[in-house]
Amino acid sequence: MSAEPRINDRIRVPEVRLVGPSGEQVGIVPLAKALELAQEYDLDLVEVAANARPPVCKLMDYGKFKYESAMKAREARKNQAHTVIKEMKLRPKIDPHDYDTKKGHVVRFLKQGDKVKITIMFRGREQSRPELGYRLLQRLAEDVADLGFVESNPKQDGRNMIMVLGPHKKKTEAMAEARQAQEARKADAKANPGKSQNAAESDEVDDEAQAEAPAEAQAEAPAEA
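Residues numbered from 1 in each chain as written. Predicted model: local features only at pLDDT ≥ 70, side-chain atom pairs only at ≥ 80, totals over all residues. Heavy atoms only, no water.

Novice: Would you mind going over the overall build of the chain with me for this structure?
Specialist: A tally of regular secondary structure across the chain gives 6 helices and 9 strands. Taking the intrachain contacts of the chain between residues at least 6 apart in sequence as the baseline, contacts between residues at least 24 apart amount to 61%. Carbon and sulfur atoms make up 49% of the accessible area of the chain, which totals about 14,800 Å². (Helix = DSSP H or I, 4+ residues; strand = E, 2+ residues; numbered from the N terminus. Contact = heavy atoms within 4.5 Å. Areas by Shrake-Rupley, 256 points an atom, 1.4 Å probe, with all protein chains shown as cover.)

Novice: What is the right way to look at the pairing of strand β3 (residues 44–49) in this model?
Specialist: Taken residue by residue, a regular strand's side chains alternate between the two faces of the sheet. Pairing geometry for β3 and strand β4 (residues 56–60), over 5 bridges, is antiparallel. Bridging across to β4, Val-46 finds its partner in Lys-58. Hairpin connection of β3 to β4: 6 residues between the antiparallel strands. (Pairing = 2+ DSSP bridges.)

Novice: How do you make sense of the packing of aromatic side chains when you look at a structure like this?
Specialist: Between two aromatic rings, the relevant description is the distance of the centres plus the angle of the planes. By the definition in use, this model includes 1 aromatic pair. Here the aromatic rings of Tyr-62 and Phe-65 are separated by 6.2 Å at their centres, their planes lie at 25 degrees, and the arrangement is stacked. Here the residue Tyr-62 and the residue Phe-65 both occupy positions in helix α2 (residues 62–79), the gap between them amounting to 3 residues, near one helical turn. Note that Arg-139 overlies the ring of Tyr-99, its terminal NZ or CZ placed 3.8 Å from the centroid. (Phe/Tyr/Trp six-rings, centres within 6.5 Å; stacked < 30°, edge-to-face > 60°. Lys NZ or Arg CZ within 6 Å of the ring centre and 35° of its normal.)

Novice: In this structure, what is going on with the pattern of salt bridges? I would like to understand it.
Specialist: Oppositely charged side chains may form a pair once their charged atoms are brought near each other. Per the counting criterion, the structure on display carries 6 salt bridges. When the shortest N-O distance is used, the salt bridge between Glu-131 and Arg-129 registers 2.4 Å. Overall, Glu-131 belongs to the partly exposed group, its relative accessible area being 31%. Here Arg-129 falls in the partly exposed class, since its relative accessible area comes to 38%. (Salt bridge = Lys/Arg side-chain N within 4 Å of Asp/Glu carboxyl O. Buried < 20%, exposed > 50% of the residue type's maximum accessible area, 1.4 Å probe, protein only.)

Novice: Quick question: what am I supposed to make of the packing of helix α3 (residues 96–111) against helix α4 (residues 130–143) here?
Specialist: Packed helix pairs are characterised by how far apart their axes lie and by the angle those axes make with each other. Taken N-terminus to C-terminus, the directions of α3 and α4 make an angle of 50 degrees; their axes are 11 Å apart at the nearest point. Accordingly, the angle class assigned to the pair α3 and α4 is oblique. Judged by the twist between their axes, the crossing of α3 over α4 is right-handed. For the pair α3 and α4, contact is made by Tyr-99, Lys-103 and Val-106 and by Leu-136, Arg-139, Leu-140 and Asp-143, respectively. (Axes fitted to C-alpha atoms, helices over the stretch in contact; angles between N-to-C directions. Parallel < 35°, antiparallel > 145°, perpendicular 65-115°, else oblique. Left-handed = near helix turned anticlockwise from the far one by under 90°.)

Novice: Even after reading the chapter, I still don't get the sheet that holds strand β1 (residues 15–19), so can you show me in this structure?
Specialist: Spatial ordering of the open sheet is given by β2-β1-β4-β3, a layout of 4 strands whose pairing is mixed. Each having just a single partner strand, β2 (25–30) and β3 make up the two edges of the open sheet. Strand-to-strand, the axes of this sheet are offset by a mean angle of 35 degrees, without reference to chain direction. Relative to β4, β1 runs parallel, the two being bridged by 3 bridges. Looking at β4, one finds that Leu-18 is bridged to Cys-57. Strands in contact with helix α1 (residues 31–41) are β1, β2, β3 and β4; relative to β2, the strand with the most contacts, it is inclined by about 125 degrees.

Function cannot be read off these values alone, since they describe shape.
Quick look at the structure:
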């Protein structure tokens, strides 16, 4: 069935409870009278509460109403926040430089308001030393404690050990801060045209860094907000 409300001559009832164009209550009037008022105001008669007795109808510019409703829905979708779970894989005997790099990705994900699944991969004899993975996960959790918390404690899963970190910051807050920072950069670029080139070069470096991120740093699956 169509979700579109009935308008004008598609309304088939003897009388309606009429609401004026400014939201004022006109009262219960015959359908013919309501249609006459709609023509007089050069507006549409729109059924807004079909299940009421009698149905409630309002005088409005239906085309304008549909356009504004579509714009609101579009803006709502744009601002909708979806928390995703990112994944970062580490080895129990990870090199210090690699650890710092991986931790940097975890920090970035948490700042974005995303959860992070940390997976320690054991190979060969490493499987007999699960405490190595546990200590590494504890260290990582402590290093990013200002940005996230341990949502799921470390647990063994076959050859792997898994821990999930949750962000302190909500996704909506992270998105709002990102938009504010972008607007501030644009405002600064307009005020200081000479800096715009440096900003562009900085953005290119960030894009390259993002492109070089390891495959395990990509989103695992979307989760409910």
